Amino acid sequence: MTGPPLSLWRVAPPEASRAESGTGTVALAAPMPAASAGAFSVWFHEAMRRGCRRSQDVEVWLPAYRGKSLVRLLTWLVTERLAGPGAAVTWRLDKRQGPDSVARMLTALGWAGITRKRDGRVIELTGQPPATVSMPDPECFTERIGGQDLTFSADYGVFSPRRVDDGTALLAAVALSQPAVDTVADIGIGYGALAIALMVNETARSAVATDVDSVALWLAEANARRYAVDLKVTCTPNPLDVPPTPLTVCNMPTHIDASSSGALMAGLVQRTRRGRLLLVVHRALEGRYTRHLANAGLVVDRHPGPAHVVLAARARRSP
Ligand SMILES: C[S@@+](CC[C@H](N)C(=O)[O-])C[C@H]1O[C@@H](n2cnc3c(N)ncnc32)[C@H](O)[C@@H]1O
């Protein structure tokens, strides 16, 4: 990435992102700040893989609920991609996020001259990053899916980080028992367990995927590289932002608000006009999702497991 240096890089979740002229944003999750003249935005998973214009001023808005291990990963991003020589870097966090232990972590990681200031409820830790830092290894685990033992990097507060979720495993088993496809779409891919399992087990030759979490997408890309499988990811809440595919799979995110859930389901229904859908939900929610798909005119079959159910939906054939 070329051009004049930026006056500020901000690494931030959506609620703290703003597009100000001359500044750059590394977006940790969708939505990205709206484009505006002279402002520059890049997804976290993209900033991790390519060089960026450096800045003498960097702000890191540490997201809550992602675990302290994210501090190490963001130190790598700041040091190796964003901060120019002698840059001042400010970490902004709520006092409930443990600023003292974050300051100790930064010192142990080689940060120098850390000072502490308070701005309302926010604590600011400012210091100089080390000259260089090695890429941290995310936590990982190995599990058998289909006929393959698969190792997944899964860390930084992503869904089901210690083992493959039971719903994901049920959806994989149903998809693996069905005809192979050229390309599968995995909507809400997380760290990639489902799409990668389908490709490694040769049920799909390639995959396209979405998620609203750019850190999860970075893990999914890293996991796909481990198996040299063809995965293209897009950070978006809209399932229609990836091309139509003969098969779409989704382990439905159920802790999102009603309007996001409605928009996601509407996009999944649209995709099903052009290909099959396998959607896994907890059995307690089966009625609600079955009604949604059936009311949209789709034919729905069920594949129940102990706690989850896979809803297999397809368009009704015209008479
Ligand atoms: C139940 S988890 C499933 C993750 C992964 N597919 C698995 O099975 O391990 C749901 C995922 O959907 C993502 N998500 C939430 N809303 C979304 C949306 N509108 N579009 C795409 N992904 C979304 C979450 O960030 C999360 O990674």
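### With respect to helix α7 (residues 258-272)
Turning to step 1, where the next piece is worked out: Over its 15 residues, α7 runs 21 Å from end to end, which matches the ideal 21 Å to within 8%, given 1.5 Å per residue.
Turning to step 2, where the next piece is worked out: Taken together, the buried positions of α7 are L264, G267, L268, R271 and T272. Looking straight down α7, one finds that the buried residues subtend no more than 145° of arc, so they occupy a single side. Structural note: α7 exposes A258, S259 and G262 on the side pointing more than 90 degrees away from its buried face.
Turning to step 3, where the next piece is worked out: In the core, the buried residues of α7 are packed alongside β10 (181-187), β13 (247-251), β14 (276-282), β15 (298-304) and β16 (308-315).

### A look at the site of the ligand
Turning to step 1, where the next piece is worked out: By nearness alone, 21 residues border the ligand, and T168, G188, G190, P237 and P253 come closest of all.
Turning to step 2, where the next piece is worked out: Listing elements by their share of the shell around the ligand, those giving two or more residues are α5 (193-200), β11 (204-211) and α7.
Turning to step 3, where the next piece is worked out: The residue inventory of the shell around the ligand, partitioned by class, reads 11 nonpolar, 7 polar and 3 charged.

### Some words on the domain arrangement of the protein chain
Turning to step 1, where the next piece is worked out: For the protein chain, the assigned domains read domain 1 (8-128) and domain 2 (140-315).
Turning to step 2, where the next piece is worked out: The distance between the C-alpha centroids of domain 1 and domain 2 comes to 31 Å.
Turning to step 3, where the next piece is worked out: At the junction of the two partners, domain 1 supplies 14 residues and domain 2 supplies 14 residues.
Turning to step 4, where the next piece is worked out: For the side of domain 1 that touches domain 2, the elements supplying multiple residues, two or more each, are α1 (44-47) and α2 (69-82).
Turning to step 5, where the next piece is worked out: If you tally residues by element for the side of domain 1 that touches domain 2, the top one is α2, at 3 residues.
Turning to step 6, where the next piece is worked out: Each residue belonging to the side of domain 1 that touches domain 2 can be placed in one class, and the counts come to 10 nonpolar, 3 polar and 1 charged.

So, how was this worked out
- Residues numbered from 1 in each chain as written.
- Predicted model: local features only at pLDDT ≥ 70, side-chain atom pairs only at ≥ 80, totals over all residues.
- Helix = DSSP H or I, 4+ residues; strand = E, 2+ residues; numbered from the N terminus.
- Expected span 1.5 Å × (residues − 1).
- Buried ≥ 20, exposed ≤ 12 C-beta atoms within 10 Å, placed from the backbone.
- Arc of directions from axis to C-beta.
- Contact = placed C-beta atoms within 7 Å.
- Near = placed C-beta within 6 Å.
- Nonpolar A, V, L, I, M, F, W, Y, C, P; charged D, E, K, R; others polar.
- Domains from an automatic or database assignment.

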